[in-house]
Amino acid sequence: MNFNKQLKLYRERDGYSQEELAEKIYVTRQTISKWENDHTYPDIHNLIALSTLFDVTLDELVKGDVAIMKNNQHIEAEKMNRLSWVMIIFIILTVLSIGPVMLLWDWYGLGISFVLWGISMIAALKIEKIKKERDVQTYSEIVAFIDGEDLEAARAKRDKKRDRRNKTKIVLGFSLAAGVLAAISSFLWIWLS
């Protein structure tokens, strides 16, 4: 969390208006508004006054509540797991449905496969958004994020060239596997009918 969000959270928790808080620490209401809207940042004296008034440490005021942040990370990790399963299941359904839908509805049946594929891609895009927000790039970072471990240790091990090679291998391998499954599925449905 950012300071501006923490300030608003503690101000509202203690029932202060911006005007009342400004009077308590001897600044203007506009100054409080600028802090909460992230236009300016208080000096150390004001930070100390705020932490004393709200009865929180400077770390809690500036960085946010660590327990809340860990809980948010846990929630996002669970969401990432669910999205991963949605993506995998719908990719498998896409691959397995190509043969049957082509057999039943000719080329028009591919629309069903495209819808299934689209759902898997939406899940993949949401996963990428979470990864981008948390700066999670490598497999070890993803595992550390999901397990709630320290991401900085995983980031220190980052090797960009190796990561690029591994990503390429994964994409090519997955594409090859999907193509083989689609071909087998199509062949089986044509052969069985």
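Because the structure is a prediction, the values reported are computed rather than measured. (Residues numbered from 1 in each chain as written. Predicted model: local features only at pLDDT ≥ 70, side-chain atom pairs only at ≥ 80, totals over all residues. Heavy atoms only, no water.)

Draft legend 1. The arrangement of the overall build of the protein in detail. Within the protein, the regular secondary structure consists of ten helices and zero strands. Listed by position from the N terminus, the elements making up the protein come as α-α-α-α-α-α-α-α-α-α. Relative to its full complement of 193 residues, the protein shows a buried share of 31%. Of the contacts made within the protein by residues no fewer than 6 positions apart, 58% connect residues no fewer than 24 positions apart. Summed over its atoms, the accessible surface of the protein is roughly 13200 Å², and 63% of this surface lies on carbon and sulfur atoms. (Helix = DSSP H or I, 4+ residues; strand = E, 2+ residues; numbered from the N terminus. Buried < 20%, exposed > 50% of the residue type's maximum accessible area, 1.4 Å probe, protein only. Contact = heavy atoms within 4.5 Å. Areas by Shrake-Rupley, 256 points an atom, 1.4 Å probe, with all protein chains shown as cover.)

Draft legend 2. The arrangement of unusual backbone geometry in detail. Notably, tyrosine 26 is not glycine yet its phi reads approximately 60 degrees, a positive angle. Although it is not a glycine, aspartate 38 sits at a positive phi angle of roughly 65 degrees. One can find aspartate 38 in the loop between α3 (29-36) and α4 (44-54). The exposed category is assigned to aspartate 38, whose relative accessible area is 51%.

Draft legend 3. Broad picture of the UniProt feature "transmembrane region" (unreviewed entry) in the protein. As annotated by UniProt and renumbered to match this structure, "transmembrane region" (unreviewed entry) occupies residues 83-101, 107-125 and 170-192. Counted over residues 83-101, helix gives 100% and strand 0%. Its end C-alpha atoms are 25 Å apart. Helix makes up 84% of residues 107-125 and strand 0%. Its end C-alpha atoms lie 27 Å apart. (UniProt positions renumbered as here; feature names shortened; annotations may be inferred.)

Draft legend 4. Structural detail: α3. Here α3 has its buried residues at Ile32, Ser33, Trp35 and Glu36. In a view along the axis of α3, the buried residues occupy a sector of 160 degrees, so they form one face of it. Tucked into the core, α3 has its buried residues touching α1 (3-13), α2 (18-25) and α4. Immediately downstream of α3, the backbone of aspartate 38 shows phi near 65 degrees, a positive value. (Arc of directions from axis to C-beta.)

Draft legend 5. Molecular detail of the side chain of asparagine 4. With respect to the element layout, asparagine 4 can be found in helix α1. Only 3.4 Å separates the side chain of asparagine 4 from the backbone oxygen of glutamate 36, close enough to count as a polar contact. Ignoring any residue separated from it by four or fewer positions in sequence, one finds asparagine 4 in contact with Trp35, Glu36, Asn37 and Asp38. (Polar contact = N/O pair within 3.5 Å; in protein donor to acceptor, adjacent residues only side chain to side chain.)

Draft legend 6. Local environment of the environment of serine 120. Of note, serine 120 is situated in helix α7 (residues 110-133). With a relative accessible area of 0%, serine 120 lands in the buried category. Considering only alpha carbons, one finds serine 120 and leucine 83, 37 residues apart in sequence, at a separation of 8.6 Å. If sequence neighbours within four positions are ignored, serine 120 has contacts with Met87, Phe90 and Ile91.

Draft legend 7. Local environment of the environment of methionine 102. Inspection of the secondary structure assignment puts methionine 102 in helix α6 (residues 66-105). Looking at methionine 102, the relative accessible area reads 23%, which means it is partly exposed. The contacts of methionine 102, once residues within four sequence positions are left out, are Trp107 and Leu110.

Draft legend 8. Up close: the pattern of salt bridges. Under the defined criterion, the tally for this structure stands at three salt bridges. The closest approach of N and O atoms between aspartate 14 and arginine 13, which form a salt bridge, is 2.9 Å. In the salt-bridge network here, residues are joined through shared partners; they are Arg11, Glu12 and Glu36. (Salt bridge = Lys/Arg side-chain N within 4 Å of Asp/Glu carboxyl O.)

Draft legend 9. Molecular detail of the packing of α1 against α4. Look at α1 against α4: their axes get within 11 Å of each other, and the N-to-C directions meet at 35 degrees. Our pair here, α1 against α4, has a crossing hand that is left-handed. Contacts between α1 and α4 involve Phe3, Leu7, Tyr10, Arg11 and Arg13 from the former and Leu47, Leu50 and Phe54 from the latter. Taken together, the residues of the contact of α1 with α4 break down into six nonpolar, no polar and two charged. (Axes fitted to C-alpha atoms, helices over the stretch in contact; angles between N-to-C directions. Left-handed = near helix turned anticlockwise from the far one by under 90°. Nonpolar A, V, L, I, M, F, W, Y, C, P; charged D, E, K, R; others polar.)

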